[in-house]
Amino acid sequence: MLIGLLTAVAASACYGTGSVLQAVGSRKSARREAAAASTTGLTQHGGPSLSSTAKAAVTWEFMVGTVLDFIGFGLGALAARLLPLFLSQTVISANLVITAVLSIKLLGIRLNAREWVSIGVVCTALVLLATAAGPEGGGDASTATHWWLLVASVLVIGGGTLIVRLLGSRAAILAGLLSGLGFGALGVGVRVLNGIDPFHLPTLLADPALYAILVAGVGGMYLHTVALQIGSVNGATAALVVGETVVPGILGVLWLGDSSRPGFAWMAILGFVVAVAGAVAVAWFGEPEGGAEGTGTASDDGSTAPVRATGAAKAPEDGTRAPDRAAAGG
């Protein structure tokens, strides 16, 4: 249990740091296109195009963040096999705390009192979950179930990508939620994957769960990148937390045999519900009125000042600059 918890915490640290670095890279790319007055970076609905997302992915910040994501994935996969999913996924989702704290420095985002309280609620819930968690289930599932996992992953990622592109700039939270569902499917797939213990390559390659992991992982990363480009980094990450925690946690209990310690079921349920509620609160309180949180536009001295993630504010006709969120005291 201790090794699993330490592994999950390390995965959380990698994911949280990676999310902020990816946000920095994504928004740096978006600022470059805005400065060049380019319209090719957006779809007709105001969302980022595949081209702009690809450009974001080649910034050094994004690449370092992606490396951390891969490390986090490996650690998270190990944690998913050592802990009940409702515990491992929730601890990993605590990267929200790391994301929020790092975004203060790297993205110029200022957290209000309600956001800090919400983060404290999430941390308290994690303590409850860690206290109540029992042994993980066996993870045995039929081949048909593995196929259903693959089909569900394709539908979530494929259908979700289409909907997000149609909604454009309004889809930040939805993109974060769908990316979370993708990462949740990835966690379930890792748990049920055949050919791992003992390792047998032909069995591994023949398992539909392996391809569900690939689809959910790559698609989840793409949707998360889109969410970071068009919305609040904290809001998108909080929505991701809900997606990657709720469904895997429920499936782990109902399908894979995960359980709490005897007599601690109430604490596990309470911790799970409070953790999700805290994440939703961060998403809700982290969104300024009328749009997404500030990104951070570089000034001449290299510092950053928050602006809206969906693009630079339109200048008034008299040439003065419209006040951004930070200047307004938001």
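Criteria and cut-off values
What you see as residue numbers is a count from 1 along each chain, following the sequence as written. Residue-level local features of this predicted model are given only where pLDDT is at least 70; pairs of side-chain atoms are given and counted only at 80 or more, and the full residue set underlies all totals for whole chains, interfaces and linings. Processing note: side-chain calculations cover all non-hydrogen atoms of the structure and skip hydrogens and water entirely. In this analysis an axis means a line fitted to C-alpha atoms, helices contributing only their contacting stretch, and an angle means the value between N-to-C directions, from 0 to 180 degrees. A run of H or I in DSSP becomes a helix once it reaches four residues, and a run of E becomes a strand once it reaches two; helices and strands are each numbered from the N terminus. To sort the angles, those under 35 degrees are grouped as roughly parallel, those over 145 as roughly antiparallel, those from 65 to 115 as roughly perpendicular, and the leftovers as oblique. In this scheme the handedness of a crossing depends on how the near helix is turned from the far one: anticlockwise by less than a right angle means left-handed, clockwise means right-handed. Whether two residues are in contact is decided by their heavy atoms, any of which lying within 4.5 Å being enough. Only buried residues count toward a nonpolar core. Its members are Ala, Val, Leu, Ile, Met, Phe, Trp, Tyr and Cys residues joined through side-chain atoms within 4.5 Å. A 1.4 Å probe rolled over the protein chains alone gives each residue an accessible area, and that area as a share of the maximum for its type sets the label: buried under 20%, exposed over 50%, partly exposed in between. Grid points spaced at 1 Å and placed over the protein atoms alone form the basis of the search, with a cavity being a set where a 1.4 Å probe fits but cannot get out and a pocket an open set showing protein on both sides within 12 Å along at least five of seven lines. Lining residues have an atom within 4 Å of a point. Grid points are joined across faces, edges and corners, and a volume is the space filled by probe spheres set on the points. Asp, Glu, Lys and Arg are counted as charged, while Ala, Val, Leu, Ile, Met, Phe, Trp, Tyr, Cys and Pro are counted as nonpolar; the rest, among them Gly, fall into the polar class. Ring pairs shown here join Phe, Tyr and Trp side chains whose ring centres sit within 6.5 Å, with only the six-membered ring taken for Trp; geometry is labelled stacked below 30 degrees between planes, edge-to-face above 60, and tilted in between. Geometrically, a charge over a ring is one whose NZ (Lys) or CZ (Arg) sits within 6 Å of the ring centre while staying within 35 degrees of the ring normal.

A closer look at the packing of helix 3 (residues 60–82) against helix 8 (residues 172–192)
And then number 1: In the contact formed by helix 3 and helix 8, the axes pass within 9 Å of each other and the chain directions differ by 60 degrees. Taken together, helix 3 and helix 8 sit at an angle that is classed as oblique. Judged by the twist between their axes, the crossing of helix 3 over helix 8 is right-handed. Where helix 3 abuts helix 8, its residues Phe73, Ala77, Ala80 and Arg81 lie against Leu186, Gly187, Val190 and Arg191.

Some words on the nonpolar core
And then number 1: Counting 22 residues, the largest nonpolar core has Ala8, Phe86, Leu87 and Leu96 as the members making the most contacts within it.
And then number 2: Every element with two or more residues in this core is listed here: helix 1 (2–35), helix 4 (85–93), helix 6 (113–132), helix 11 (233–254) and helix 12 (265–285).
And then number 3: The greatest single-element share of this core, amounting to five residues, is contributed by helix 12.
And then number 4: Once residues within four sequence positions are removed from consideration, Leu87 is found in contact with Met1, Leu5, Leu129, Ala130 and Ala133.

Some words on the layout of surface pockets
And then number 1: The calculated volume of the second largest pocket comes to roughly 350 Å³.
And then number 2: Where the lining of the second largest pocket is concerned, the elements lending two or more residues are helix 3, helix 4, helix 8 and helix 10 (208–230).
And then number 3: No other element matches helix 3, which puts six residues into the lining of the second largest pocket.
And then number 4: Residues of the lining of the second largest pocket, tallied by class, amount to 13 nonpolar, four polar and two charged.

Some points on empty space enclosed by the protein
And then number 1: Tallying each qualifying case throughout the model produces four cavities of 30 Å³ or more.
And then number 2: If you add up the space inside the largest cavity, you get close to 130 Å³.
And then number 3: If you trace the largest cavity, you find it lined by Tyr15, Ser19, Gln22, Asp69, Asn95, Phe183, Met221, His224, Thr237, Leu240 and Glu244.
And then number 4: Among the secondary structure elements, those contributing two or more residues to the lining of the largest cavity are helix 1, helix 10 and helix 11.

As for the packing of aromatic side chains
And then number 1: Tallied over the full model, the rule gives zero aromatic pairs.
And then number 2: Above the plane of the ring of Phe264 lies Arg261, whose end atom (NZ or CZ) is 4.3 Å from the centre.

Some details on the environment of Trp255
And then number 1: Take Trp255: it is sitting in the loop between helix 11 and helix 12.
And then number 2: Along the backbone, Trp255 and Ala141 are 114 residues apart, and their C-alpha atoms lie at a distance of 8.1 Å.
And then number 3: For Trp255, the residues in contact, after removing those within four places along its chain, are Ala141, Thr145, Val188 and Val192.

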